Amino acid sequence: MAKVTIYTRPMCGYCHRAVKLLESKGVDFEDINAGFDAEKRKEMIQRSNGGSTYPQVFIGDTHIGGSDDLMALERQGKLDAMLGLSA
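Residues numbered from 1 in each chain as written. Predicted model: local features only at pLDDT ≥ 70, side-chain atom pairs only at ≥ 80, totals over all residues. Heavy atoms only, no water.

1. Concerning the nonpolar core
Then step 1. Grouped together as the largest cluster of nonpolar side chains are 16 residues, with contacts concentrated most on Val 4, Ile 59, Ile 64, Leu 70, Leu 79 and Leu 83.
Then step 2. Within the residue set of this core, elements represented by two or more residues are strand 1 (4-8), helix 1 (13-24), strand 3 (56-59), helix 3 (67-75) and helix 4 (79-83).
Then step 3. In terms of residue count, helix 1 provides more of this core than any other element does, four residues in total.
Then step 4. Ignoring sequence-local partners within four residues, the contact set of Val 4 consists of Leu 22, Val 27, Asp 28, Phe 29, Glu 30, Phe 58, Ile 59 and Leu 83.
Then step 5. Tyr 7, Cys 15, Met 44 and Phe 58 belong to the second largest nonpolar core, which has eight residues in total. (Core = buried A, V, L, I, M, F, W, Y, C linked by side-chain atoms within 4.5 Å. Buried < 20%, exposed > 50% of the residue type's maximum accessible area, 1.4 Å probe, protein only. Helix = DSSP H or I, 4+ residues; strand = E, 2+ residues; numbered from the N terminus. Contact = heavy atoms within 4.5 Å.)

Structure representation (structure tokens):
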């Protein structure tokens with residue numbers, strides 16, 4: 001299974017939605033709370049090539065984008081393969 005990292009902040013509906021989708025798939029992921037941590041936010045923006053909205057999702061070294069991007073991959077049937085889940 002691919003390593004998943006998600007940068008979140010407290011009280012973020014989009015973050016909650018993305019986390020719930022990953023949890024529903026049984027995916028282990030690293031949740032980095034960058035909302036009040038300037039260094040983690042800087043890391044997130046640098047790693048995502050300028051993405052400053054929450055959440056920012058990575059599967060392995062691939063930047064997926066935000067919650068809407070993650071949901072679009074799910075709707076297109078591409079997310080499970082990226083996560084390394086069996087069909």
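2. Things to note about the packing of helix 1 against helix 3
Then step 1. Between helix 1 and helix 3, whose axes approach to 9 Å, the crossing angle comes to 30°. Considering the relative orientation of helix 1 and helix 3, their crossing is left-handed. Along the contact surface, helix 1 presents Tyr 14, Arg 17, Ala 18, Leu 21 and Leu 22, while helix 3 presents Ser 67, Asp 68, Leu 70, Met 71 and Glu 74.
Then step 2. The residue inventory of the contact of helix 1 with helix 3, partitioned by class, reads six nonpolar, one polar and three charged. (Axes fitted to C-alpha atoms, helices over the stretch in contact; angles between N-to-C directions. Left-handed = near helix turned anticlockwise from the far one by under 90°. Nonpolar A, V, L, I, M, F, W, Y, C, P; charged D, E, K, R; others polar.)

3. Considering the pairing of strand 2 (residues 29-33)
Then step 1. The pairing of strand 1 with strand 2 spans five bridges and is parallel. Residue pairing for strand 2: Thr 8 is matched across the bridge by Asn 33.
Then step 2. After leaving strand 1, the chain enters helix 1 and then returns to the sheet as strand 2, a path that is right-handed. (Pairing = 2+ DSSP bridges. Right-handed = clockwise from strand over helix to strand, strands pointing away.)

4. A closer look at unusual backbone geometry
Then step 1. Tyr 54 connects to Pro 55 through a cis peptide bond whose omega is -5°.
Then step 2. For Pro 55, the location among the structural elements is in the loop between helix 2 (38-47) and strand 3.
Then step 3. Located in the positive-phi region is Asn 49, a residue other than glycine, with phi close to 55°.
Then step 4. Mapped onto the fold, Asn 49 is located in the loop between helix 2 and strand 3.
Then step 5. Since its relative accessible area comes to 74%, Asn 49 is described here as exposed.

5. Considerations on the environment of Phe 58
Then step 1. Of note, Phe 58 is situated in strand 3.
Then step 2. Overall, Phe 58 belongs to the buried group, its relative accessible area being 1%.
Then step 3. In this structure, the C-alpha to C-alpha distance between Phe 58 and Gly 26, residues 32 residues apart in sequence, is 16 Å.

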